[in-house]
Amino acid sequence: MTNSSDVTLGNQSGLPPGQFDYGSMPRFGLPKYTNRFPANTTDARLAISGNVTSNFELASELLAMPRTTQVSDFHCVTTWSVRNIEWQGVRFKDFYDQLIQPKLNSENPTGFAIFRAQDGYKICLSLEDLFSDDVLLATHLNGEALSIAHGAPLRLVAPKLYGYKSMKHLKSIEFISDRSAYKQGWMGFIEHPRGRVAQEERAKYVPGWLVRYPNRMMIKSTERSYAKALEDHLSKSSA
Ligand SMILES: Nc1nc2c(c(=O)[nH]1)N[C@H]1C(S)=C(S)[C@@H](COP(=O)(O)O)O[C@H]1N2
Ligand SMILES: [Mo]
């Protein structure tokens, strides 16, 4: 782990364009989700819909899948990065081949997936990006079951894409043919269709480098309000 004295804007060596080493991983996200918490934090289960012959739910089948451990860096679009975090979970490609493919309705080609979370968060990803070797349905972070802060009980991890694609508190996946079936809501404002870190695809309508600085200005206040909300939530639930 990085020493906290390394947390300076200058420490960008070896990181993708515009990112800096934050040294730790805060609970983080868009303002809208600050005070939203998952109702289910312990049972990893997934509702599957879309181009399937009929909708179904996965729980034990998912947990019975071979698991993989992977160390990767994590990059938030607001420019903070954290290095060498260890995720454990099921590789998305294996999950798709074994649990989804056999249930697909072959009349409709499937190219994308809409992910929905317990806090109302929603994203769309292409199978092309999801089939990258490092994309996981993760249940553990640094050797421990996911905490509420980091996505309990199940999250997506896509290290080559900005953090906003690595959805926490995952509850369902809808497999669709093309992106036109996806209604973004106000995320459409900022969600880049791919969000690849190496290409600096931070936002849809403006070049990535242009939003580095305004994005960076949101880090501290977001981290504070997210931490405070979690503290309040935990003290309420233990009262
Ligand atoms: N369900 C959900 N997933 C989410 C978010 C969120 O608010 N809700 N925020 C995203 C953003 S912007 C980032 S940077 C990462 C942060 O992950 P962390 O809170 O585990 O650090 O989660 C992403 N996934
Ligand atoms: Mo983010």
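Our subject is the structure listed above.
Residues numbered from 1 in each chain as written. Chains lettered and ligands numbered in written order. Predicted model: local features only at pLDDT ≥ 70, side-chain atom pairs only at ≥ 80, totals over all residues. Heavy atoms only, no water.

A. Expanded view of the overall build of the protein chain. When helices and strands are tallied, the protein chain shows five helices and 11 strands. The globule rule puts the C-alpha radius of gyration for 239 residues at 18 Å, and the 18 Å found for the protein chain is close to it. Projected onto its principal axes, the C-alpha positions of the protein chain cover 55 × 45 × 30 Å. In the protein chain, which comprises 239 residues, the share counted as buried stands at 51%. Relative to all contacts within the protein chain whose residues are 6 or more apart in sequence, the contacts with residues 24 or more apart total 68%. Carbon and sulfur atoms make up 53% of the accessible area of the protein chain, which amounts to about 11300 Å² in all. Looking at the protein chain, you have 28 positive and 24 negative side-chain charges, and the mean spots of the two groups are 6 Å apart. (Helix = DSSP H or I, 4+ residues; strand = E, 2+ residues; numbered from the N terminus. Rg over C-alpha atoms; globule rule 2.2 N^0.38 Å. Buried < 20%, exposed > 50% of the residue type's maximum accessible area, 1.4 Å probe, protein only. Contact = heavy atoms within 4.5 Å. Areas by Shrake-Rupley, 256 points an atom, 1.4 Å probe, with all protein chains shown as cover. Lys, Arg positive; Asp, Glu negative; His and termini not counted. Charge placed at Lys NZ, Arg CZ, Asp CG, Glu CD.)

B. Geometry of the packing of aromatic side chains. Enumeration according to the criterion identifies 13 aromatic pairs in this entry. Measuring from ring centre to ring centre gives 5.9 Å for Phe20 and Tyr22, while their planes differ by 85 degrees; the resulting arrangement is edge-to-face. Since its relative accessible area comes to 6%, Phe20 is described here as buried. On the numbers, 6.5 Å between centres and 20 degrees between planes, the contact of Phe28 with Tyr226 is stacked. (Phe/Tyr/Trp six-rings, centres within 6.5 Å; stacked < 30°, edge-to-face > 60°.)

C. Molecular detail of the site of ligand 1. The environment of ligand 1 is made up of 21 residues, and the closest members are Pro26, Asp119, His150, Arg155 and Lys168. The separation between a nitrogen atom of ligand 1 and a polar side-chain atom of Asp119 is 2.8 Å. Contact between ligand 1 and Ser166: a nitrogen atom at 3.1 Å from a main-chain N or O atom of the residue. When the free accessible area of ligand 1 is taken as 540 Å², the share hidden by the protein chains comes to 98%. Looking at side-chain class alone, the shell around ligand 1 contains 13 nonpolar, four polar and four charged residues. (Near = heavy atom within 4 Å. Polar contact = N/O pair within 3.5 Å; in protein donor to acceptor, adjacent residues only side chain to side chain. Nonpolar A, V, L, I, M, F, W, Y, C, P; charged D, E, K, R; others polar.)

D. Structural view of the pattern of salt bridges. Tallied over the full model, the rule gives 13 salt bridges. The salt bridge involving Glu200 is made with Arg212; its shortest N-O contact spans 2.7 Å. In this pair, Glu200 sits in the loop between β11 (170-176) and α4 (208-216) while Arg212 sits in helix α4, placing the two residues 12 residues apart along the sequence. For the pair shown, Glu200 and Arg212 are each scored as buried. Each of the salt bridges in this network shares a partner with another, and the network as a whole consists of Glu128, Asp129 and Arg194. (Salt bridge = Lys/Arg side-chain N within 4 Å of Asp/Glu carboxyl O.)

E. Molecular detail of the nonpolar core. Counting residues in hydrophobic clusters, the biggest one holds 57 residues, and the most contacted among them are Phe92, Phe95 and Phe115. Setting aside residues up to four positions removed in sequence, Phe95 forms contacts with Leu46, Ile48, Leu58, Leu62, Met65, Val90, Ile100, Leu137, Ile173 and Phe175. (Core = buried A, V, L, I, M, F, W, Y, C linked by side-chain atoms within 4.5 Å.)

F. Just the sheet that holds strand β3 (residues 56-58), in detail. The five strands are arranged β3-β2-β11-β6-β7 in an open sheet whose pairing can be described as mixed. At either margin of the open sheet sits one strand with a lone partner, and together these are β3 and β7 (122-126). For this sheet, the mean inter-axis angle between neighbouring strands, taken without regard to orientation, is 25 degrees. Relative to β7, strand β6 (residues 112-117) is paired through five bridges, and the arrangement is antiparallel. Note on β7: the bridge partner recorded for Phe115 is Ile123. The strands touched by helix α2 (residues 92-100) within the sheet are β2 (46-50), β3, β6 and β11, with β11 carrying the most contacts at an inclination of about 70 degrees. (Pairing = 2+ DSSP bridges. Axes fitted to C-alpha atoms, helices over the stretch in contact; angles between N-to-C directions.)

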